[in-house]
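# Architecture and fold: a report
Chain residues, written in single-letter form:
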Amino acid sequence: MLKGGTVDSREHQEPHPSEGAGEPPWAHPDLRVLGRMLRLEMDETLRAEQHAARIAARRRSTMRDRLLLAEDCAELLHIDLAGGIELRGTVSAVGADHVVVLQEGRHRWVALHHVVAMRVA
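Residues numbered from 1 in each chain as written. Predicted model: local features only at pLDDT ≥ 70, side-chain atom pairs only at ≥ 80, totals over all residues. Heavy atoms only, no water.

## Overview of the overall build of the protein
- Helix and strand counts for the protein stand at two helices and five strands.
- Looking at the 121 residues of the protein, the share that counts as buried comes to 17%.
- Accessible surface, the protein: about 9500 Å² in total, of which carbon and sulfur atoms supply 56%. (Helix = DSSP H or I, 4+ residues; strand = E, 2+ residues; numbered from the N terminus. Buried < 20%, exposed > 50% of the residue type's maximum accessible area, 1.4 Å probe, protein only. Areas by Shrake-Rupley, 256 points an atom, 1.4 Å probe, with all protein chains shown as cover.)

Printed below as a string of structure tokens:
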């Protein structure tokens, strides 16, 4: 019943014949199969979109971005520098143009333009 004493016509409607006794309309066996297929397709689409997003992020990432990620994950890195110098340690800080590597208890400041390659140990 609505305000003012009027009756809502929806209150007195009979259930639709396709609605079983207390079963929601989507519980129909044909709709279960269709729903399962749609969920599988949606999951597949989501996986493909996430994969494409990861690839796009890797393509746009800079050496600095990779170093920031290594710092966040506390990864042990091998960093090759110009002149054949190799550092092995964890990233303790990343600046706009440098990285600080903790190697054997000592902090080493390295300009990013000296980094030739790096890899996770």
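Still more ground to cover, so stick around.
## So, the pattern of salt bridges
- Evaluation of the coordinates by the stated rule reveals two salt bridges.
- The closest approach of N and O atoms between D80 and R119, which form a salt bridge, is 3.2 Å. Of this pair, D80 sits in strand β1 (residues 76–81) while R119 sits in strand β5 (residues 115–120), and the two are 39 residues apart along the sequence.
- Classification of D80 as partly exposed rests on a relative accessible area of 21%.
- The partly exposed category is assigned to R119, whose relative accessible area is 40%.
- In this structure, the salt-bridge partner of R119 is E86, at a minimum N-O distance of 4.0 Å. Taken together, the residues R119 in strand β5 and E86 in strand β2 (residues 86–94) connect sequence positions 33 residues apart.
- Relative accessible area serves as the criterion here: at 42%, E86 is assigned to the partly exposed category.
- In the salt-bridge network here, residues are joined through shared partners; they are D80, E86 and R119. (Salt bridge = Lys/Arg side-chain N within 4 Å of Asp/Glu carboxyl O.)

## A short note on the nonpolar core
- By size, the foremost hydrophobic cluster in this structure holds 13 residues, and its most contacted members are L67, I79, V91 and V99.
- Contributions of two or more residues to this core are made by α2 (63–73), β1, β2 and β3 (98–103).
- Apart from residues lying up to four places away in sequence, L67 is in contact with L77, I79, V91, V94, V99, L112 and M118. (Core = buried A, V, L, I, M, F, W, Y, C linked by side-chain atoms within 4.5 Å. Contact = heavy atoms within 4.5 Å.)

## Some thoughts on the pairing of β3
- Pairing of β2 with β3 involves four bridges; the strand directions are antiparallel. The residue bridging A93 from the neighbouring strand is V100, located in β3.
- Counting the residues that bridge the hairpin from β2 to β3 gives three residues.
- Pairing of β3 with strand β4 (residues 106–111) involves six bridges; the strand directions are antiparallel. Bridge assignment links L102 to a residue of β4, and that residue is H107.
- Hairpin connection of β3 to β4: two residues between the antiparallel strands, including E104 at a positive phi of 50 degrees. (Pairing = 2+ DSSP bridges.)

## Regarding a nonpolar patch on the surface
- Together, L31, V33, L34, M37 and L38 line one region of the surface with nonpolar side chains, adding up to about 430 Å² of accessible area.
- The topology assignment puts V33 in helix α1 (residues 29–60).
- What makes V33 partly exposed here is its relative accessible area of 41%. (Patch = residues over 30% accessible without salt bridge, like charges linked within 9 Å, V, L, I, M, F, W, Y side chains within 5 Å.)

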